[in-house]
Structure formats: structure tokens, C-alpha cells
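Summary of the model geometry
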Amino acid sequence: MMELSRDEFEDLVAEALDTIPPELTTHMRNVVIVVEDDAPERGLLGLYQGVPLTERGDWYGAVLPDHISIYRNEILEICDTPDDVVEEVRITVVHEIAHHFGIDDRRLHELGY
């Protein structure tokens with residue numbers, strides 16, 4: 001298992017977020033992204049909880065923000081090198097943000113995420 005401090009890991013998540021094109025990030029509404037040490041289930045690298053933008057309608061308002069969790073220990077456990085960690089964080093961040101935009105797991109796997 002790779003060793004990386006929480007601060008270093010959060011920096012990697014921030015760097016991954018910086019790679020998301022501004023054309024997309026300007027459309028991210030009412031969503032928070034957090035790093036958590038442990039996942040609720042083994043093998044889960046990230047989790048999106050919320051209402052995707054594609055499903056929001058006139059009824060959408062006064063709701064809690066969507067929540068994206070990136071699970072530090074799960075990612076570190078599957079990585080062998082620092083470069084692996086950087087790549088896995090990037091893939092996980094993009095994957096979970098894609099859910100915010102309404103892209104399902106089937107399509108994400110087709111795209112390599």
C-alpha cells in the first residue's frame with residue numbers, strides 16, 4: 001500500500017479538479033467534493049450522492065448539495081507507485097464528476113473511466 005499524507009492526497013484531488021475544463025466546471029451547481037479516509041464498503045474509490053444535472057427540473061431547489069467523496073485509503077491500497085496514485089485519483093475524480101452530469105457507469109466504462 002502506498003503511503004501519502006491526507007494533505008498530499010487532497011492536493012492530488014485539487015490537481016485533478018484543475019484538469020476539468022472550465023466549460024464543464026461552470027455548470028457544476030450545488031456540489032461539494034470531499035476526501036474521506038475510509039469508504040463505506042471495500043473497493044469503493046469514490047461515490048457520488050445527489051441529483052444529476054440531467055434529472056433536475058423546476059422542482060429542484062432548496063436541497064442539500066450533491067456530495068462527491070473520494071476515498072483515500074481505498075485508492076492508496078490499490079496503487080503501487082506515486083504515478084499510479086496520481087492517475088487513479090484523476091480517473092476517480094472525473095468518474096464521480098461525470099455522474100454529476102448524468103453519465104452512468106456503463107458509459108463511463110466504455111470511455112475508460
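Heads up: these notes are all about the structure in this document. (Residues numbered from 1 in each chain as written. Predicted model: local features only at pLDDT ≥ 70, side-chain atom pairs only at ≥ 80, totals over all residues. Heavy atoms only, no water.)

1. Focus: the overall build of the chain
Stated formally: The way it works is that DSSP assigns letters per residue, a run of H or I at least four long becomes a helix, a run of E at least two long becomes a strand, and they are numbered from the N terminus. Only C-alpha atoms enter the radius of gyration; for comparison, a globular chain is expected to reach 2.2 Å times N to the power 0.38, where N is the number of residues. Only protein chains enter the accessibility calculation, which uses a 1.4 Å probe; a residue is then buried when its area is under 20% of its type maximum, exposed when over 50%, and partly exposed in between. Two residues qualify as a contact provided that any one of their heavy atoms is within 4.5 Å of a heavy atom in the partner residue.
In terms of regular secondary structure, the chain is built from 5 helices and 3 strands. Reading the secondary structure of the chain in the N-to-C direction produces α-α-β-β-β-α-α-α. Taken against the 2.2 N^0.38 rule, which gives 13 Å for 113 residues, the C-alpha radius of gyration of the chain at 14 Å falls within 12% of a compact globule. When the backbone C-alpha atoms are referred to their principal axes, the chain occupies close to 45 × 30 × 25 Å. For the chain, with 113 residues in total, the buried portion stands at 37%. Pairs at least 24 apart in sequence give 76% of the contacts found in the chain among residues at least 6 apart.

2. Remarks on the pattern of salt bridges
Put simply, the rule reads: Salt bridge, as used here: a side-chain nitrogen of Lys or Arg that lies within 4 Å of a carboxyl oxygen of Asp or Glu.
Counted according to the given criterion, the structure contains 8 salt bridges. Salt-bridge contacts for E10 lead to R6; the nearest nitrogen and oxygen are separated by 3.0 Å. One end of the pair, E10, and the other, R6, are both in helix α1 (residues 6-18), 4 residues apart, so they sit about a helical turn from each other. We classify E10 as partly exposed; its relative accessible area is 31%. Take R6: its relative accessible area is 31%, and that puts it in the partly exposed class. Connected through salt bridges with shared partners, the residues R6, E10, D37 and R72 form a single ionic network.

3. A short note on the pairing of strand β3 (residues 66-71)
Put simply, the rule reads: A strand pair is defined by DSSP finding two or more bridges across the two strands.
With 5 of 6 residues buried, β3 is to be regarded as a mostly interior element. Here strand β1 (residues 31-36) pairs with β3 via 6 bridges, running parallel. From the neighbouring strand, V31 faces β3, where its bridge partner is D66. Alignment of strand β2 (residues 46-49) against β3, held across 4 bridges, turns out to be antiparallel. Residue pairing across strands places Q49 opposite H67, the latter belonging to β3.

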